[in-house]
Structure formats: structure tokens, C-alpha cells
Amino acid sequence: MQLTKRQQKLRALESSRNSAKKSNPTSYVNQAPFRYAERNFKSRSPPPDMTEVFDFANMDGNADVIKKRIVEVKLKSDLRGLCSLFGDSEETWRDQWDRAYVIKGVPGLVVIPNPFSPPAQRHLVRRCLRVHARHPNLSNLDTHYNMPLQGLWELVEREWRGNLKESDKDYFVSLKNIDTGGENGDSVYDEEEKDYPRQPDISSSPSLNDSQHATTPTLKLDPLPSPTVPVLSPRQLIRKLRWITLGYQYHWATKTYHLNRRVAFPEDVGDIATAVVKAVEGVGLDEEGWRNDYAGDDFRPQAGVINYYQLRDALMGHVDQSELNMQAPLVSVSLGHDCIYLMGGPTRDTKPVALRLRSGDIVVMTGESRTCFHGVPRILENTLPGHLAPEYWTHAETSEQVPDDDWRIFGEYISEARINLNVRQVFDREVGM
Ligand code: OGA
Ligand code: MN
């Protein structure tokens, strides 16, 4: 994009103003360390200070203060043996199948550098768009649009292939009727960013408030459609998809689960999460006195969220505390563009660590870290791995890497996005329907 002279001038002015503000401590005098870090990574002009970011795929590139805090640990089991979705036939993979990392000063957090093969990553991206992002799973779009039962992605594919035209009756997904006044569902969105409904009112108190628990018998009203959402083509609308929920559907307004809206948890996602929980059993850091002792056999994948981030989206700092079982680890998988992931403490007053997460990386929040503030202030542009690019096979190195005929369309989507898949156990054990 070419900037005009005037635009360039304005940019320069904005940048120098922001730098001055940043270097002036009084402008952030009351800013909690977590917020300060969020602001740093959100900033575009000037660009964020990246000197203290943990990068597990480029150990030598880490600053000394960071290197000193990384401790390599061994997983209990080979992820590839636990779930066919892991693994790579490449020799180079052999020596790292059981490798993970923990961080000094961040008890409970375990990072598993990408254990997925490129085809497995593509498979997951496809599933997240075509299979999981549709009825009966709820998405942010369901509030405002009459989402097609076969899923929005089917329309995206038809439009992309030229088989769905503006003149076709199912081209525009229709808006929900607005027949009630009062509060509308959008009021809970953060004004500053296209963030998620749960964040603005999450208290910084580490104590668990009963009203946030899953069993509280609150009246769960569905949010009302907004009168201002636009009518869009399928390919435009898919860019507005922010989240879908898996298993027990989540009611964002009360931060509780809908006990009467339970969808079967998808097997592939459940298998990944269960394999990961089994693999991190016993992982810990003796010198800091913690160890994850949650038994993998006790883990039940019961609820999940898939987050879909466009390049300028962010997820503000929050604690996931709606689950009754707060002992079970929470498993979180990254796909697509890299991001900056902040992991803080029980309040925003703890300075968070910043991790660079890449496609395939898995973060596991066990023990103490399970009740800590975390968020994603930044998606990093130009970080899409070649094997997810729309034209990835054009630089395939082996004859085995044949083109997936329909990858291009998923590749187009992910070339401007990051997907995060996270899985939680809600109850202690299985509960009846
Ligand atoms: C969440 C979450 C983190 C991510 O959905 O609760 O923290 O990596 N996601 O996107
Ligand atoms: Mn979270």
C-alpha cells in the first residue's frame, strides 16, 4: 500500500507522539504490569519491544535473561504413540518427540513445541473451518445471523469456486429479526479492540466468584441481535467469525456453561487434548517446588473454544474460571500465524512472560497457572509457515508432498488468520446429559 505524503506525515507524527508517551512514565503511572505488556505488544507505531519474548523454536536467538529462565523437561509419553494426529516421519523429529519446556517463575505452565506434522496441521485447520464451525456448535455470528445449517464454510467454498453468485437466494446470510428492545449483545464487547465478550468485566480478583460457576441456576438469556451488523457475502462474513464453542456450550454473558446445551465433543480434538494431558503428567520444576500431578486417565475433554483471529485481533487478559474443575489442565493449540501469548499471575499486578507461539505449538496450563491471567495481544504478520500457504506445494521438496486439491481455499483463509483450539474439563468426571 502506497502512502500519500500527507499520510506519511501523519504516521510519523503519531509515531513520535506514541514514543514520547511510552517513554514518559507518568502516562502509565497507574498501569498494572499486565496492561503495560498488552499495550507494548499491541502497539504498531512504534513497534513493540520484543527483546524479552520467549521463543522456543529459536533458542539461540533468545536474550540471556530469557535463556536463564527456560528449563527443558521430558514428557511422560510419546505424543505420536498416543494420537495419530501427531508425528512426522522425518528423522529430525526423532530426538524431540518428548521435549517440552517450563519457565522459572511461572509454576504450572508447560509449552510443547509443535509436535504436529504439516499434513496434521492442515487437517486441523480444515476441521476448524468446515466441521467445527457450524451447527450445533454456537458461534459469535449466531447472535446476529441465521447461520446456514450446513455451515458458512460450505457457502465460502461455493462462492470461491464461482458456484454461488450474488443473485442466488442463499448468497447473503440473513440477519436475525430484532423484535425486542433493550440491551443488545454487543454492549459487552471491548470498545477499543475487536475483543471477546467475556473480557471487559472479568475481575482481577483471584478468588472464584460462585456466580461464575457452571452449576449456578441463572436464567441464561440469549444475547439479542445488533441492529447495526452488515449483510455480507460468505467470504466477507467468514472473516467476522471470532469463536465457536465445543461440547458444553458457553454462555458468555453469565460466564457459565449451558448444562442443557451439550454437543458431543469432537473425537479428534478430544484425543489430542487427552494425549497431551497424559504426556504432561509428572512434569514440573523441582527447584521451584511444583509438579503437575493431574492423572491423565482422569481427564475428560468436556468443553472447548475455537478462537479465530484476523491479523489485527487480540484477546485481552483474562482468567478461565468458569469450570468447576479447576485442577484439570487446560490444553491450547495454535495454528496459522505466530502470536504473542502473555502469561501472568493471579492478578494483573504480576508482570507476565511473553511467549512467541508458532503453528502447532501447544500450551498447557496446569496447577497454579490454570488460575492466572493470560491473553493474546498480538498476531504477528508475515509468519505463516510455508506448509499452510495457499500455494504450499509449489515449494514442496519431496514427491510425497502432493497438492491437497482444496487446500488453496483454506490457505487463503489462514494466510490472514490464526486459529486457537482450547479444551477444558468442566466437571470432576463424566456427567449425565
Ligand atoms: C482462551 C485463550 C488463547 C489463545 O480462549 O481462553 O486464552 O492462544 N486463548 O488464543
Ligand atoms: Mn484463556
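The rules we used
- Residues numbered from 1 in each chain as written.
- Chains lettered and ligands numbered in written order.
- Predicted model: local features only at pLDDT ≥ 70, side-chain atom pairs only at ≥ 80, totals over all residues.
- Heavy atoms only, no water.
- Core = buried A, V, L, I, M, F, W, Y, C linked by side-chain atoms within 4.5 Å.
- Buried < 20%, exposed > 50% of the residue type's maximum accessible area, 1.4 Å probe, protein only.
- Helix = DSSP H or I, 4+ residues; strand = E, 2+ residues; numbered from the N terminus.
- Axes fitted to C-alpha atoms, helices over the stretch in contact; angles between N-to-C directions.
- Parallel < 35°, antiparallel > 145°, perpendicular 65-115°, else oblique.
- Contact = heavy atoms within 4.5 Å.
- Nonpolar A, V, L, I, M, F, W, Y, C, P; charged D, E, K, R; others polar.
- Donors = N, O, S within 2.8 Å, 3.2 Å for Na, K, Ca; no water.
- Pairing = 2+ DSSP bridges.
- Polar contact = N/O pair within 3.5 Å; in protein donor to acceptor, adjacent residues only side chain to side chain.
- Phe/Tyr/Trp six-rings, centres within 6.5 Å; stacked < 30°, edge-to-face > 60°.
- Salt bridge = Lys/Arg side-chain N within 4 Å of Asp/Glu carboxyl O.
- UniProt positions renumbered as here; feature names shortened; annotations may be inferred.

**Q** Tell me about the nonpolar core, residues and numbers included.
**A** Counting residues in hydrophobic clusters, the biggest one holds 64 residues, and the most contacted among them are Ile 112, Tyr 308 and Ile 419. Sort the elements by how many residues they give to this core and helix 8 (residues 267-279) lands first, with seven residues. Counting residues in each nonpolar core, the second largest holds 24 residues, with Ile 66, Ile 103, Val 106 and Val 376 among its members.

**Q** Tell me what's going on with the packing of helix 5 (residues 118-131) against helix 9 (residues 407-414), and back it up with residues and numbers.
**A** Look at helix 5 against helix 9: their axes get within 10 Å of each other, and the N-to-C directions meet at 80°. For the element pair helix 5 / helix 9, the angle class is roughly perpendicular. On the side of helix 5, the interface is formed by Arg 122, Val 125, Arg 126, Leu 129 and Arg 130, while helix 9 contributes Trp 407, Phe 410, Tyr 413 and Ile 414. In terms of residue class, the contact of helix 5 with helix 9 is built from six nonpolar, no polar and three charged.

**Q** Could you give an account of the coordination of the manganese ion (ligand 2), naming the residues involved and the relevant values?
**A** Within the protein, His 318 (NE2), Asp 320 (OD) and His 374 (NE2) serve as the donor atoms for the manganese ion (ligand 2), at 2.1 to 2.2 Å. Of note, the manganese ion (ligand 2) draws all its donor residues from one chain, in the sequence arrangement H-x1-D-x53-H.

**Q** Tell me about the pairing of strand 14 (residues 362-365), residues and numbers included.
**A** Residue alternation in strand 14 divides its side chains into two sets, Ile 362 and Val 364 and Val 363 and Met 365, and both sets are buried. Looking at chain direction, strand 4 (residues 109-112) and strand 14 are connected through four bridges and run antiparallel. Paired with Ile 112 across the bridge in strand 14 is Ile 362. Across four bridges, strand 11 (residues 330-336) lies against strand 14 in antiparallel orientation. In the sheet register, Val 333 faces strand 14, and the bridge partner there is Ile 362.

**Q** Outline the side chain of Ser 369, listing residues and values.
**A** As for its placement among the helices and strands, Ser 369 is situated in the loop between strand 14 and strand 15 (374-379). Side-chain polar atoms of Ser 369 contact the backbone oxygen of Thr 366, separated by 2.8 Å. If near-sequence neighbours (up to four positions away) are discounted, Ser 369 is found in contact with Pro 107, Gly 108, Leu 109 and Met 343.

**Q** Can you explain the packing of aromatic side chains? Please cite residues and give values.
**A** Overall, the coordinates contain 11 aromatic pairs when judged by the stated rule. When the ring of Phe 54 is compared with that of Phe 56, the centres are 6.2 Å apart and the planes differ by 20°; the resulting orientation is stacked. This pair shows no difference in class: Phe 54 is buried, exactly as Phe 56 is. Look at Trp 153 and Phe 410: their rings are 4.9 Å apart centre to centre, the planes differ by 20°, and that puts the pair in the stacked class. Of this pair, Trp 153 sits in helix 6 (residues 152-160) while Phe 410 sits in helix 9, placing them 257 residues apart in sequence. Residues Trp 153 and Phe 410 agree in their burial class; the two are buried.

**Q** Quick rundown of the packing of helix 6 against helix 9? Include the residues and the values.
**A** When two helices pack together, their arrangement is captured by the angle between the axes and the distance separating the axes. Here helix 6 crosses helix 9 at 110°, and the two axes come no closer than 11 Å. In this view, helix 6 runs roughly perpendicular relative to helix 9, as classed from their interaxial angle. Across the interface between the two elements, Trp 153, Val 156, Glu 157 and Trp 160 of helix 6 pack against Arg 408, Ile 409, Phe 410, Glu 412 and Tyr 413 of helix 9. A breakdown of the residues in the contact of helix 6 with helix 9 according to their chemical character gives six nonpolar, no polar and three charged.

**Q** Which residues make up the pattern of salt bridges, and what are the values?
**A** As a working rule, side chains carrying opposite charge can pair if their charged atoms are close by. Under the defined criterion, the tally for this structure stands at 24 salt bridges. Note that Glu 72 is salt-bridged to Lys 74, the shortest N-O span being 4.0 Å. Of the charged contacts in the structure, one is a salt bridge between Lys 104 and Glu 287, with a shortest N-O distance of 4.0 Å. Of this pair, Lys 104 sits in the loop between strand 3 (99-103) and strand 4 while Glu 287 is found in the loop between strand 7 (284-285) and strand 8 (290-291), placing the two residues 183 residues apart along the sequence. The exposure class of Lys 104 is partly exposed, given its relative accessible area of 28%. In this structure Glu 287 comes out as exposed when scored by relative accessible area, which is 59%.

**Q** Would you mind going over the sheet that holds strand 12 (residues 339-343) in detail, with residue names and values included?
**A** Read across the sheet, five strands follow the order 1-13-12-15-10 without closing on themselves; strand pairing throughout is mixed. Two strands lie at the open edges of the sheet, namely strand 1 (53-54) and strand 10 (315-318), each paired on one side alone. Of the pairings in the sheet, the one linking strand 12 to strand 15 comprises four bridges and is antiparallel in character. The partner of Cys 339 across the bridge, within strand 15, is Ile 379.

**Q** Can you lay out the UniProt feature "binding site: Fe cation" (unreviewed entry) in the protein for me, pointing to particular residues and giving the numbers?
**A** Summarizing the sequence annotation, UniProt attributes the feature "binding site: Fe cation" (unreviewed entry) to His 318, Asp 320 and His 374 in the numbering used throughout. What stands out for the annotated residues spanning 57 residues is how close their C-alpha atoms remain, the widest pair being 8.9 Å apart. Mapped onto the elements of the fold, His 318 is located in strand 10. Of note is the side chain of His 318, whose polar atom sits 3.5 Å from the side chain of Asp 320. Mapped onto the fold, Asp 320 is located in the loop between strand 10 and strand 11. Exposure remark for Asp 320: the relative accessible area of 5% places this residue in the buried category.

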